[in-house]
Number of protein chains: 2
Amino acid sequence: MKLSENEASKLIEKLWFRHTDSTIIAVLQDYKTKEVLMVGHMNREAVFKTLTTGYVHFWSLSRKKLWLKGETSGHFQLVEDFKIDCDGDAMVFLVKSVGPVCHTGNRSCFYRNFSDLI
Amino acid sequence: MKLSENEASKLIEKLWFRHTDSTIIAVLQDYKTKEVLMVGHMNREAVFKTLTTGYVHFWSLSRKKLWLKGETSGHFQLVEDFKIDCDGDAMVFLVKSVGPVCHTGNRSCFYRNFSDLI
């Protein structure tokens, strides 16, 4: 799904960019299986690009730059729907994944449980 | 589920407390419906308490203190399972909710969509 630039701007005004580098937290969830795929950060520009293009964009905390998810891997994440939390500092994006979301090749970044770490 | 203090300590050593106030991001997800309920932050102590008691604890970014989720409302969130992401700065907790997770009384904090905000 995509919003118009006007709609996206209105929505962004309601968000609370309280996290590192003036961001919100964005949770990607598979729109069919409901699996949580990844957590990232979005600044105003990343939210705007995500909402108006339908492709997930993040603000990279490490590289300090806007980042179209999949720009190098081709594994774009397409927005099917989204939700905003009660205080506006986090969003859930229900996505259709073109390819694995994780740089390790796993479908989800959350592929480890406690037996993998202890 | 609960871990022993020894297991919890070992797991915590593998995490990357890179976010505000030396925290990781914690996503709560309903263990049955897979609905995303809430996003919060956990410092080392909050992760330790969560893992060893089986009750979700957060670090409150606003109040700058440890916070047992449900301590005032009685709506505790019981850990059924959890996952750790690829770089160790976020976890997903699959929980059984004693009551609504949101202070608004909604089952999930993510109860708003774009038509509620535009």
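Treat the numbers as computed from the prediction; the structure is a model and nothing was measured. (Residues numbered from 1 in each chain as written. Chains lettered and ligands numbered in written order. Predicted model: local features only at pLDDT ≥ 70, side-chain atom pairs only at ≥ 80, totals over all residues. Heavy atoms only, no water.)

I tried to follow the UniProt feature "binding site: Zn(2+)" in chain A on my own but got confused; where do I start?
As recorded in UniProt, the feature "binding site: Zn(2+)" lies at C86, C102 and C109 of chain A. Taking the farthest pair of C-alpha atoms as the criterion, the annotated set spanning 24 residues is dispersed, since that pair is 28.0 Å apart. Apart from the residues lying within four places of it in its own chain, the contact partners of C86 of chain A are C102, H103, T104, C109, Y111 and R112 of chain B. Structurally, C102 of chain A can be placed in the loop between strand 6 (90-97) and helix 3 (114-117). (UniProt positions renumbered as here; feature names shortened; annotations may be inferred. Contact = heavy atoms within 4.5 Å. Helix = DSSP H or I, 4+ residues; strand = E, 2+ residues; numbered from the N terminus.)

So what exactly am I meant to see when it comes to the nonpolar core here?
Most often, soluble globular proteins keep nonpolar side chains buried together rather than apart. With 70 residues, the main nonpolar core has F93 of chain A together with F93 of chain B as its most contacted residues. If we skip the residues at most four places from it in the chain, F93 of chain A touches A26, V27, L28, Q29, M42, T50, L51, V79, D81 and F82 of chain A. (Core = buried A, V, L, I, M, F, W, Y, C linked by side-chain atoms within 4.5 Å. Buried < 20%, exposed > 50% of the residue type's maximum accessible area, 1.4 Å probe, protein only.)

Honestly, the packing of helix 1 (residues 5-13) of chain A against helix 2 (residues 44-53) of chain A in this entry has me stumped. Any pointers?
What describes two packed helices is the angle between their axes and the distance between those same axes. Residue and element names in this part refer to chain A. The contact between helix 1 and helix 2 brings their axes to 9 Å, and the two run at 140 degrees. Comparing their axes, helix 2 and helix 1 come out oblique. Our pair here, helix 1 against helix 2, has a crossing hand that is right-handed. In contact with E5, A8, S9, L11, I12 and E13 of helix 1, helix 2 contributes R44, V47, F48, L51 and T52. Its residues assigned to classes, the contact of helix 1 with helix 2 shows 6 nonpolar, 2 polar and 3 charged. (Axes fitted to C-alpha atoms, helices over the stretch in contact; angles between N-to-C directions. Parallel < 35°, antiparallel > 145°, perpendicular 65-115°, else oblique. Left-handed = near helix turned anticlockwise from the far one by under 90°. Nonpolar A, V, L, I, M, F, W, Y, C, P; charged D, E, K, R; others polar.)

How should unusual backbone geometry be read in this particular structure?
Among all residues except glycine, the phi angle is most often negative; among peptide bonds, the trans geometry is most common. Here K64 of chain A, not a glycine, exhibits a phi torsion of approximately 55 degrees, which is positive. Looking at the element boundaries, K64 of chain A is found in the loop between strand 3 (57-60) and strand 4 (65-68). We classify K64 of chain A as partly exposed; its relative accessible area is 43%. Positioned with a positive phi, S22 of chain B is a non-glycine residue whose angle comes to about 55 degrees. Looking at the element boundaries, S22 of chain B is found in the loop between helix 1 (5-13) and strand 1 (24-30).

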